[in-house]
Amino acid sequence: SAPEQSFARKEVTLRLALPEDLVLAFEAALEDACRQPAARMFSTGGGGVPRWAGLLVLLAGFTATWDATHHPRRRARDAVYIRDGWRCMAPGCTSRRHLEDHHVRYRSRGGGDQTANRVTLCRFHHQQGEHGGLARVRGRAPLGLVWVLGRHGRGGRWRNERRAAG
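No experiment lies behind these values; they were computed from the predicted model shown.

Peer 1: Got a sec to walk through the overall build of the chain? Specific residues and values, please.
Peer 2: A count of helical and extended segments in the chain gives five helices and six strands. For the chain, the N- to C-terminal ordering of α and β elements is α-α-α-α-β-β-α-β-β-β-β. Within the span of the chain, comprising 166 residues, buried residues form 26% of the whole. Contacts in the chain between residues at least 24 apart in sequence constitute 41% of all its contacts with a sequence separation of at least 6. Counting only carbon and sulfur atoms, one obtains 55% of the accessible surface of the chain, whose full area is about 12200 Å².

Peer 1: Tell me about the sheet that holds strand E4 (residues 144-149), and please be specific about residues and values.
Peer 2: Across the sheet, four strands lie side by side as E3-E4-E5-E6; this open sheet has antiparallel pairing. The strands lining the two open edges of the sheet, one partner per strand, are strand E3 (135-140) and strand E6 (162-164). Strand-to-strand, the axes of this sheet are offset by a mean angle of 30°, without reference to chain direction.

Peer 1: If you had to explain unusual backbone geometry to someone new, which residues and values would you point to?
Peer 2: Peptide bonds are mostly trans, and most non-glycine residues show a negative phi. Cis rather than trans, the peptide bond between Ala 141 and Pro 142 has omega equal to 0°. As for its placement among the helices and strands, Pro 142 is situated in the loop between E3 and E4. In the Ramachandran plot, His 98 falls in the positive-phi region, its phi being about 55° despite a non-glycine side chain. By the element assignment, His 98 lies in the loop between helix H4 (79-83) and strand E1 (99-103). One non-glycine residue with positive phi stands out, namely His 152, at about 60°.

What counts and what doesn't
Residues numbered from 1 in each chain as written. Predicted model: local features only at pLDDT ≥ 70, side-chain atom pairs only at ≥ 80, totals over all residues. Heavy atoms only, no water. Helix = DSSP H or I, 4+ residues; strand = E, 2+ residues; numbered from the N terminus. Buried < 20%, exposed > 50% of the residue type's maximum accessible area, 1.4 Å probe, protein only. Contact = heavy atoms within 4.5 Å. Areas by Shrake-Rupley, 256 points an atom, 1.4 Å probe, with all protein chains shown as cover. Pairing = 2+ DSSP bridges. Axes fitted to C-alpha atoms, helices over the stretch in contact; angles between N-to-C directions.

Set out below in structure tokens:
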């Protein structure tokens, strides 16, 4: 028979140096994930959900999206691209190249794949704008979206290609 093995438990601390806005965004995503039903099944006696359970939910969502074995729908038939006329919906942009599907409320924060939560953006406005901090979009697509442009909203608020008050 094989000899019995004993494994020692080792605590590991991971330290990262990240910009404060990225830390805050990650913490918010983690808090949202802890409120998901999949994380609540790990709740402690006091009703709290451990942060590691929220991290598991985030990782499960990530792998379900990016490691999917099924073939996603072809973009040619995607209702969001058709609705948006195959162009970037960021105010002032009319690009029809390098289009990407953006979730207005991020999936990591409980947003779904409904067409009202998705908008077509060109790669620049998606990566550098929305995810790079140069633009934010909130609301329901297509006509209920409000855009805040520039760092700290310096470019103003826009709705349906028109400058919005405030």
